[in-house]
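The primary structure of each chain is shown beneath.
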Amino acid sequence: MASILLTGFTPFNHETTNPSWQAVKQFAGKTTSDGSHIHVAELPCEFGRATEVLRHLIQQHQADIVICVGQAGGRSEISVERVAINVDDARIPDNAGLQPIDEAIEATGENAYFSTLPIKAIVYELRQAGIPAHVSQSAGTYVCNHVFYGLMHYARQHPHIKRAGFIHIPYLPEQAVHHPGAASMSLENLLNSLSLALEVTTKHGKDLKLSDGSLS
Ligand code: PCA
């Protein structure tokens, strides 16, 4: 049994909704099949402050599993992120107007941290359930990577956090209609995806060794 923290983000970049929070908020007060409690929160789409809020929430809930979820508009699959890198390089300002370019997130931190979620096992289970998913080799260089890196840096210093990582999700269909040609995923599939990811994470002692790398 674990204490799980599941987070989404506020809308950003002129969107009126963020699929991550639309999906994550539905897990409020729920438990996984092993009885682990799920706490949910919406993080601001702001460099710096989002990580501060996240760390405060981890302490408040004594979370030992943390999964952050964010929108990756245009991606067609659930992206289970493998690696967080120590750089902010914002193409657009965040919701507070900040636009860091080529700045280290933690001056003395590692260049990168790997997710400690069972990423291959999650992708495997999602595909078994008929949901397109892949292991992603980059969470970008915007607020999501920033929060992912901040989470993994904190987890390194707080070993009570057993599992931590990041999942990017596509647009909702109602967003994609404003982006002709862009892929989307139904809220139902997003909810099933997160539910499966939580089940796999609470059950798996270690990840599966499956081929799912990328050639480029
Ligand atoms: N997606 C952005 C930040 C917030 C979100 O949901 C990103 O991928 O960086």
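In case you missed it, the structure is sitting above this.
Below: a short report on this structure. (Residues numbered from 1 in each chain as written. Predicted model: local features only at pLDDT ≥ 70, side-chain atom pairs only at ≥ 80, totals over all residues. Heavy atoms only, no water.)

Points about the overall build of the chain
What counts here: Helix and strand assignments follow DSSP, with helices taken as H or I runs no shorter than four residues and strands as E runs no shorter than two, numbered in order from the N terminus. Our radius of gyration looks at C-alpha atoms and nothing else; its globule reference is 2.2 Å times the residue count to the power 0.38. Exposed residues in this analysis have more than 50% of their type's maximum accessible area, buried residues have under 20%, and partly exposed residues fall in between, with area computed by a 1.4 Å probe over protein chains only. It only takes one pair of heavy atoms within 4.5 Å for two residues to be counted as in contact. Residues counted as positive are Lys and Arg, residues counted as negative are Asp and Glu, and His and the chain ends are not counted. Every charge is mapped to an atom, namely NZ of Lys, CZ of Arg, CG of Asp or CD of Glu.
A count of helical and extended segments in the chain gives 6 helices and 8 strands. Mapped from its N terminus to its C terminus, the chain presents α and β elements in the order β-α-β-α-β-β-β-β-α-β-α-β-α-α. On C-alpha atoms alone, the chain measures out to a radius of gyration of 16 Å, which is about the 17 Å that the 2.2 N^0.38 rule sets for 216 residues. By its C-alpha atoms, the chain is 40 × 40 × 40 Å across when sized along the principal axes. Within the chain, buried positions represent 51% of all 216 residues. The contacts of the chain with a sequence gap of at least 6 include a subset with a gap of at least 24, amounting to 77%. Within the chain, one finds 15 positive and 21 negative side-chain charges whose respective centroids are separated by 8 Å.

With respect to the packing of aromatic side chains
What counts here: Note on aromatic contacts: the rings of Phe and Tyr and the six-membered ring of Trp form a pair at centre separations within 6.5 Å, being stacked when their planes are under 30 degrees apart, edge-to-face when over 60 apart, and tilted otherwise. A ring is considered to have a charge above it if a Lys NZ or an Arg CZ atom is located within 6 Å of its centre and within 35 degrees of its normal.
Scanning the model with the defined rule gives 4 aromatic pairs in all. Taken together, a centroid distance of 5.9 Å and an interplanar angle of 40° make the contact between Phe-12 and Tyr-142 tilted. With Phe-12 in the loop between strand E1 (3-9) and helix H1 (19-24) and Tyr-142 in the loop between strand E7 (133-136) and helix H4 (143-157), this residue pair connects regions lying 130 residues apart in the sequence. Taking relative accessible area as the criterion, Phe-12 reaches 14% and is therefore assigned buried. Through a chain of ring-to-ring contacts, the aromatic side chains of Phe-12, Phe-47 and Tyr-142 assemble into a single cluster. Over the ring of Phe-27 we find Lys-30; its NZ or CZ atom is 6.0 Å from the centre of that ring.

Structural notes on the packing of helix H3 (residues 119-128) against helix H6 (residues 187-203)
Heads up, the condition is: Note on geometry: axes are lines fitted to C-alpha atoms, helical ones only across the stretch in contact, with angles between N-to-C directions running from 0 to 180 degrees. Angular relationships are summarised with four words: roughly parallel below 35 degrees, roughly antiparallel beyond 145, roughly perpendicular across 65 to 115, and oblique for the angles in between. Throughout, a crossing is termed right-handed when the near helix is turned clockwise from the far one, and left-handed when it is turned anticlockwise from it by less than a right angle. As a working rule, the residues Ala, Val, Leu, Ile, Met, Phe, Trp, Tyr, Cys and Pro are called nonpolar, Asp, Glu, Lys and Arg charged, and the rest polar, with Gly in that last group.
As a packed pair, H3 and H6 sit with axes 9 Å apart at the nearest point and diverge in direction by 135°. Looking at the two axes, H3 sits oblique to H6. Crossing geometry of H3 relative to H6 is assigned as right-handed. Here H3 contributes Ala-121, Ile-122, Glu-125 and Leu-126 to the contact with H6, which in turn contributes Ser-193, Leu-196, Ala-197, Val-200 and Thr-201. By residue class, the composition of the contact of H3 with H6 is 6 nonpolar, 2 polar and 1 charged.

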